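Here are the chains, one letter per residue:
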Amino acid sequence: MGKNVVYCGAAGNGQAAKICNNMLLAIEMIGVSEAMNLGMKLGLEPKLLLEIINMASGQCWTSKVYSPVPGTMENVPSARQYSGGFGTALMSKDLGLAMDAASQVKAPTPLGSLANNLYKLMVNSGFAPKDFSSVFQFIQGAAKNK
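Residues numbered from 1 in each chain as written. Predicted model: local features only at pLDDT ≥ 70, side-chain atom pairs only at ≥ 80, totals over all residues. Heavy atoms only, no water.

Participant: Describe helix 1 (residues 13–41), with residues and values.
Facilitator: Here helix 1 spans 42 Å end to end across 29 residues, near enough to the 42 Å set by a 1.5 Å rise per residue. Following helix 1 by one or two positions, glycine 43 adopts a phi angle in the positive range, close to 100°. (Helix = DSSP H or I, 4+ residues; strand = E, 2+ residues; numbered from the N terminus. Expected span 1.5 Å × (residues − 1).)

Below is the structure:
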């Protein structure tokens, strides 16, 4: 659970903040996963690439604290075959809520929509109980099937 309590105003604003944050987190996780997969396919060692990203403009919470790449960080779900953490099914649910909210207020969310579709596909492909960082594993599998 979160460590911070922030008053967000009217009823429902806390939920709005949560789904906005989780939509961004999903997009960020997909971006780090794609970049790491590409770098590895180009011959870069994963720990080195992650170190470079974290010294450069690509750094973010996912790359610094919650790497989706096995063997690059300890004590994260990717170090435990994606067990524990925040489930893919829960991320998919939150992305669905974000898409519903975006539709209601006519807010364009092109990357949010793509993330929503990707996480739905993951849920339907057996990734539901795994941590949402398993998107890296899903992307690797998709690349192998091309």
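Participant: Tell me about the nonpolar core, residues and numbers included.
Facilitator: Judged by nonpolar contacts, the single largest core of 20 residues is most densely connected at Met91, Leu95, Tyr119, Phe132 and Val135. Elements with a minimum of two residues in this core: helix 1, helix 4 (88–105), helix 5 (110–127) and helix 6 (135–144). The biggest single contributor to this core is helix 1, with six residues. Formed by 11 residues, the second largest nonpolar core is a distinct cluster that contains Val32, Leu50, Ile53 and Tyr82. (Core = buried A, V, L, I, M, F, W, Y, C linked by side-chain atoms within 4.5 Å. Buried < 20%, exposed > 50% of the residue type's maximum accessible area, 1.4 Å probe, protein only.)

Participant: Explain the packing of aromatic side chains to me, and be specific about the residues and the numbers.
Facilitator: Using the criterion set out here, one finds four aromatic pairs in the structure. When the ring of tryptophan 61 is compared with that of tyrosine 66, the centres are 5.1 Å apart and the planes differ by 20°; the resulting orientation is stacked. Residue tyrosine 66 is classed as buried on the basis of its relative accessible area of 13%. Here the aromatic rings of tyrosine 66 and phenylalanine 132 are separated by 5.8 Å at their centres, their planes lie at 25°, and the arrangement is stacked. With tyrosine 66 in the loop between helix 3 (61–65) and helix 4 and phenylalanine 132 in the loop between helix 5 and helix 6, the pair connects residues that are 66 residues apart, well separated along the chain. Of the two residues, tyrosine 66 and phenylalanine 132, both sit in the buried class. (Phe/Tyr/Trp six-rings, centres within 6.5 Å; stacked < 30°, edge-to-face > 60°.)

Everything listed here is a matter of coordinates, which is why it stays silent on function.
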